[in-house]
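Structure assessment
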Amino acid sequence: MDLLKVALYFLVYPGLLFLFVYSTFVEWVDRKLYARFQNRRGPLYTGRAGLLQPIADFIKLMAKEDIVPEAADKPLFNAVPVLALAAVLTSGLLLPVWHFTTGIVSATSFPGDIIVMAYLLSLPTFAYFLAGWSSASMYASIGAVRVLTLLFSYEVPMFLAILSPAVLAGSWRMAEIAQFYQLHPEYLPLNIIAFAVAVLALQAKLERLPFDIPEAETELVGGTFTEYSGRKLALFRLLTDVQMVVGAGFLATLFLAGFPGGLIPGFLWLILKTMAIVVILAAIRSVTARIRIDQMVSFSWGYLAPAALLQLVIVIIMKGFLP
Amino acid sequence: MSETFVLPVGPQHPALKEPTSFRFKVDGEYIIDADLRLGYNHRGMEKGCEARTYVQDIYLLERVCGICSNAHMTCFAQGVERLMGIEPPPRGLFIRCLMGELERIHSHLLWLGVAGHEIGFDTFFMYTWRDREVVMDLLEMVSGNRVNYGMQTFGGVRRDLDGTQIKTLLEGIAALKARTPYYLNLGATEPTMVARIKGVGLLPKQKAIELNTAGPTARASGVDFDVRKDDPYAGFGDLIPFTIVTDDGCDVLARVVVRAKEMMASYDIMEFILKNLPAGEIRTKAPRRVPEGETVSRVEAQRGECIHYIRANGTDKPDRVKVRAPTLANWPATLYMLRGAFLADIPIIMAAIDPCLSCTDRMAVISDCRGNEKVWDWETLRQHGIDFHRRRGIRP
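Residues numbered from 1 in each chain as written. Chains lettered and ligands numbered in written order. Predicted model: local features only at pLDDT ≥ 70, side-chain atom pairs only at ≥ 80, totals over all residues. Heavy atoms only, no water.

Right, let's talk about the overall build of chain B for a bit. Scanning chain B for helices and strands turns up 15 helices and eight strands. In terms of overall size, chain B behaves like a compact globule, its C-alpha atoms giving a radius of gyration of 22 Å where 396 residues would be expected to give roughly 21 Å. With the C-alpha coordinates aligned to their principal axes, the bounding extent of chain B is approximately 70 × 60 × 40 Å. A total of 396 residues make up chain B; the buried ones form 55% of that total. Contacts in chain B between residues at least 24 apart in sequence constitute 70% of all its contacts with a sequence separation of at least 6. Just so you have it, chain B exposes about 16600 Å², and 52% of that area is on carbon and sulfur atoms. (Helix = DSSP H or I, 4+ residues; strand = E, 2+ residues; numbered from the N terminus. Rg over C-alpha atoms; globule rule 2.2 N^0.38 Å. Buried < 20%, exposed > 50% of the residue type's maximum accessible area, 1.4 Å probe, protein only. Contact = heavy atoms within 4.5 Å. Areas by Shrake-Rupley, 256 points an atom, 1.4 Å probe, with all protein chains shown as cover.)

Residues and elements named next belong to chain A. As for its placement among the helices and strands, glutamine 311 is situated in helix α12 (residues 293-321). Residue classification places glutamine 311 among the buried positions, given a relative accessible area of 0%. Within polar-contact distance, the side chain of glutamine 311 engages the backbone nitrogen of isoleucine 193 at 3.2 Å. Not counting residues up to four positions away in its chain, the partners in contact with glutamine 311 are Ser164, Leu190, Asn191, Ile192, Ile193 and Ala194. (Polar contact = N/O pair within 3.5 Å; in protein donor to acceptor, adjacent residues only side chain to side chain.)

What follows is about the packing of aromatic side chains. To describe a pair of aromatic rings, one takes the distance between the centres and the angle between the planes. Tallying each qualifying case throughout the model produces 27 aromatic pairs over all chains. A ring pair is formed by Phe124(B) and Tyr183(B), whose centres lie 5.9 Å apart and whose planes are at 80 degrees; its orientation type is edge-to-face. With Phe124(B) in helix α5 (residues 122-143) and Tyr183(B) in helix α6 (residues 163-189), the pair connects residues that are 59 residues apart, well separated along the chain. Accessibility classification places Phe124(B) together with Tyr183(B) in one group, the buried group. Its end group placed over the ring of Tyr34(A), Arg285(A) keeps NZ or CZ at 3.7 Å from the ring centre. Over the ring of Tyr127(B) we find Arg130(B); its NZ or CZ atom is 5.1 Å from the centre of that ring. (Phe/Tyr/Trp six-rings, centres within 6.5 Å; stacked < 30°, edge-to-face > 60°. Lys NZ or Arg CZ within 6 Å of the ring centre and 35° of its normal.)

Residues and elements named next belong to chain B. With antiparallel pairing, the three strands of this open sheet are ordered in space as β6-β7-β8. The open sheet has two edge strands with one neighbour each: β6 (293-301) and β8 (318-324). Pairwise comparison of adjacent strand axes, ignoring direction, gives a mean angle of 15 degrees for this sheet. (Pairing = 2+ DSSP bridges. Axes fitted to C-alpha atoms, helices over the stretch in contact; angles between N-to-C directions.)

The next point concerns the sheet that holds strand β1 (residues 5-9) of chain B. Residue and element names in this part refer to chain B. In spatial order, the strands read β1-β2-β3; together these three strands make up an open sheet with antiparallel pairing. Both edges of this open sheet fall to β1 and β3 (30-37), since each of them pairs with a single strand only. For this sheet, the mean angle separating the axes of adjacent strands, direction not counted, is 25 degrees. Of the strand pairs in this sheet, strand β2 (residues 21-27) and β3 are connected by seven bridges, and their pairing is antiparallel. The residue bridging phenylalanine 24 from the neighbouring strand is alanine 34, located in β3.

Turning our attention to the nonpolar core. Counting 114 residues, the largest nonpolar core has Phe22(B), Phe24(B), Phe76(B) and Leu161(B) as its most contacted members. It is helix α4 (residues 90-118) of chain B that contributes the most residues to this core, 13 residues altogether. Beyond its immediate stretch of four places on either side in the chain, Phe22(B) contacts Leu7(B), Pro8(B), Val9(B), Leu16(B), Asp35(B), Leu36(B), Trp331(B), Leu335(B), Leu338(B) and Met350(B). Residues Tyr9(A), Tyr154(A), Ala234(A) and Phe250(A) belong to the second largest nonpolar core, which totals 92 residues. (Core = buried A, V, L, I, M, F, W, Y, C linked by side-chain atoms within 4.5 Å.)

Taken domain by domain, chain B comprises domain 1 (45-327) and domain 2 (365-396). A straight line from the C-alpha centre of domain 1 of chain B to that of domain 2 of chain B covers 37 Å. (Domains from an automatic or database assignment.)

Residue and element names in this part refer to chain B. What the rule picks out here adds up to 38 salt bridges over all chains. Between arginine 320 and glutamate 46 there is a salt bridge whose closest N-O contact spans 3.5 Å. Of the two residues, arginine 320 sits in strand β8 while glutamate 46 sits in helix α1 (residues 45-50), which places them 274 residues apart along the sequence. Among the residues examined, arginine 320 registers a relative accessible area of 26% and is labelled partly exposed. Among the ionic pairs, lysine 207 bridges to glutamate 210, the shortest N-O distance being 3.4 Å. (Salt bridge = Lys/Arg side-chain N within 4 Å of Asp/Glu carboxyl O.)

Another point: the interface of chain B and chain A. The partner chain A presents 27 residues to the 31 residues of chain B that form the contact. Three residues stand out in chain B for area buried against chain A, namely Pro14(B), Thr192(B) and Arg196(B), and they jointly supply 18% of the buried area on that side. Joining chain B to chain A, the criterion identifies one salt bridge. One salt bridge connects Asp345(B) with Arg292(A), and the closest N-O pair in it is separated by 3.0 Å. At the junction of chain B with chain A, the criterion picks out 10 residue pairs in polar contact (both at pLDDT 80 or more). Those elements that provide at least two residues to the side of chain B that touches chain A are β1, α4, α5 and α7 (191-197) of chain B. Tallied by class, the residues present in the side of chain B that touches chain A amount to 19 nonpolar, five polar and seven charged. (Buried area = accessible area lost by both parts, 1.4 Å probe. Nonpolar A, V, L, I, M, F, W, Y, C, P; charged D, E, K, R; others polar.)

With that settled, the discussion passes to the packing of helix α10 (residues 230-255) of chain A against helix α11 (residues 263-286) of chain A. Residue and element names in this part refer to chain A. Between α10 and α11, whose axes approach to 8 Å, the crossing angle comes to 110 degrees. One element, α10, and the other, α11, form an angle in the roughly perpendicular class. In terms of crossing hand, the pair formed by α10 and α11 is right-handed. Counting all contacts with α10, which are made through Met244, Val245, Ala248, Gly249, Leu251 and Ala252, the residues of α11 involved are Lys273, Thr274, Ile277, Val278 and Leu281. Here the contact of α10 with α11 is built from residues that sort into eight nonpolar, two polar and one charged. (Parallel < 35°, antiparallel > 145°, perpendicular 65-115°, else oblique. Left-handed = near helix turned anticlockwise from the far one by under 90°.)

Another point: the environment of Ala248(A). Residue and element names in this part refer to chain A. Mapped onto the elements of the fold, alanine 248 is located in helix α10. A sequence separation of 22 residues divides alanine 248 from leucine 270, and the C-alpha atoms of the two residues are 9.4 Å apart. Dropping the residues within four chain positions of it, alanine 248 is found in contact with Leu202, Thr274 and Ile277.

Spanning 29 residues, α4(B) covers 42 Å between terminal C-alpha atoms, matching the ideal 42 Å at 1.5 Å per step. Where α4(B) ends, the next residue or the one after it, Gly120(B), has phi of about 80 degrees, a positive value. (Expected span 1.5 Å × (residues − 1).)

With that out of the way, let us pick up the pairing of β8(B). Residue and element names in this part refer to chain B. Where strand β7 (residues 304-312) and β8 come together, six bridges link them in antiparallel fashion. Residue pairing in the sheet places isoleucine 310 in a bridge with valine 321 of β8. The turn joining β7 and β8, which pair antiparallel and follow one another in sequence, is formed by five residues; a positive phi near 90 degrees is taken by glycine 314.

A few words now on helix α6 (residues 138-169) of chain A. Residues and elements named next belong to chain A. With 32 residues, α6 ought to run about 46 Å at 1.5 Å a step, and its terminal C-alpha atoms sit 47 Å apart, in line with that. At tyrosine 154, α6 is bent by approximately 30 degrees, the largest bend along its length, and proline proline 157 sits one to four residues beyond. Two or three places before tyrosine 139, at the start of α6, stands the capping residue serine 137, its side-chain oxygen 3.3 Å from that residue's backbone nitrogen. Glycine 170 sits one or two positions beyond α6 and adopts a positive phi of about 70 degrees. (Bend = angle between axes of the 7 residues up to and from the residue.)

Below, the discussion takes up unusual backbone geometry. Even without glycine at this site, Ala49(A) takes up a positive phi of about 55 degrees. Inspection of the secondary structure assignment puts Ala49(A) in the loop between α2 (16-37) and α3 (53-63).

Structural data, given as structure tokens:
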């Protein structure tokens, strides 16, 4: 019975199947919202209201010709998409949805899993860098350098931001942090600054407007993915969608009190809370222009990082007063 | 990364809507040097004009550019009118001027959208292009076409306006007039957009004059030159009032502002035209042959000053037609603005002059690596074309 539960956990929910299906749905929501914000209609024809369009795109890309440049570092070029996707899918397993008991430490919920999660969500960024670097193309190389510069600007604010709910809850385990806020929902507004910083940093991590600097289409053709095509590009695109789901789930766990109530209510909470964050991300994407990499660095270190630090100070002081 | 390398932009690149080739010497994110190679889209139109009659040439020259089609058409038509010694009737002049201004609106709305797209602001792009449909519908209603209007002819225009059309035009203009300040406001205040266009692509006034820039690019650097004011045509000057729009910002933001304000000025011109449209004929009859002579005709196209040189030899075909599209005048300034800029600013600086590559393209002489140049005259080129197709089994 336990074995079945583990298999279900890994393969169905919140494992492979759920992440795939839900990430395509999230992509649809994102595209549809972005389109409606722009007075367009968005996907329409495949499935009801274009619901199956992301899956159709995925299948179509999988069937396309897969080209590897002559000058590329071939083993690395081929391995990077798979490794990065594996890292994000693994991080999906760490989301505290139903397969855990706060009393028992398991492989998917343990003290310090918040750090592992942040680490696994950072791996794709390095994969982007390696992808660009191994392509041996001018545009991809510039994109790769920009990926790293971007990483250095948003990663520190991101880490500082996820620190404050953990400090307030006094735990390094996501399940316990979520439980803490379920018991004390009045503490949630205390982390509002950190939440804002984390949402912006997540937007940068996902390389979406206004932070899609590494793959700026009009400047760098496709940025780090310029040389990728077919299957590997499909994997990269799936990866971005899964990363959005997991990233939104991660923030929902820390800042919106997680997904209480076991299997079914927990599932509904997961959809509701991640969707709320996806709506915010889509709105940010619709109302901004792409900023330059130097503006990004000064924005992160001039505003995001100090705001996250201020939040940390507030939380530490508050912790002295709270029972 | 201190070493420099060369980044090719073009002949195929997402930032380019038509083929041309830039070579940027970059050091990390900075551009050290920029170079331009034209000649990917040369269509031999000037030569083609010499083989056709004047009437055929109007429609050939209309197709120099898809965006400023009416400007080229007007330019050629009024040049030939001057050679013929005829003058269009006032109603014809007014409708000619109206077409020019309608085209300016559609072009500037298109440009605003493209500028938004180049800096990744696709929402702005979608909004402006949605409103552009209003003016496209008006153009279709007036001329029957959305792109190449075919309105101008020697001695006036080809279609008249009736009462309902004037009413619809006024309604459409009023709708656009209400929308345009929103774009002006958005372009000048939205923080991420301003961050990308303020202080970018600086072109000081002195440099703008030295490098011979034209149109909104020059006016955004404070040069108050506009053919509509300095060499009035199509009723401007004495019949139709006109105010020039300039800005001293010298950057891309100033070019956005100038274009948005020019649109506002155009609405006023069009409302004046529609409310004061004189009665009478729309064209005078033009002779088939053009007397010997030469002339230079100028029109303020939406991208700047468009010049046609026409030499007539007394037959029904021109001896020589020379077209200088405004983009050609703005290339040196673009290269000047690109030097020392950020890599990320390439698309927006290039887009800021509203380049049209096919209208501006020149035949290029390509030398091979040994330095051998190959220059072909018209006959050899024609013979090459015939042989080329014959080798592939196509009868010429």
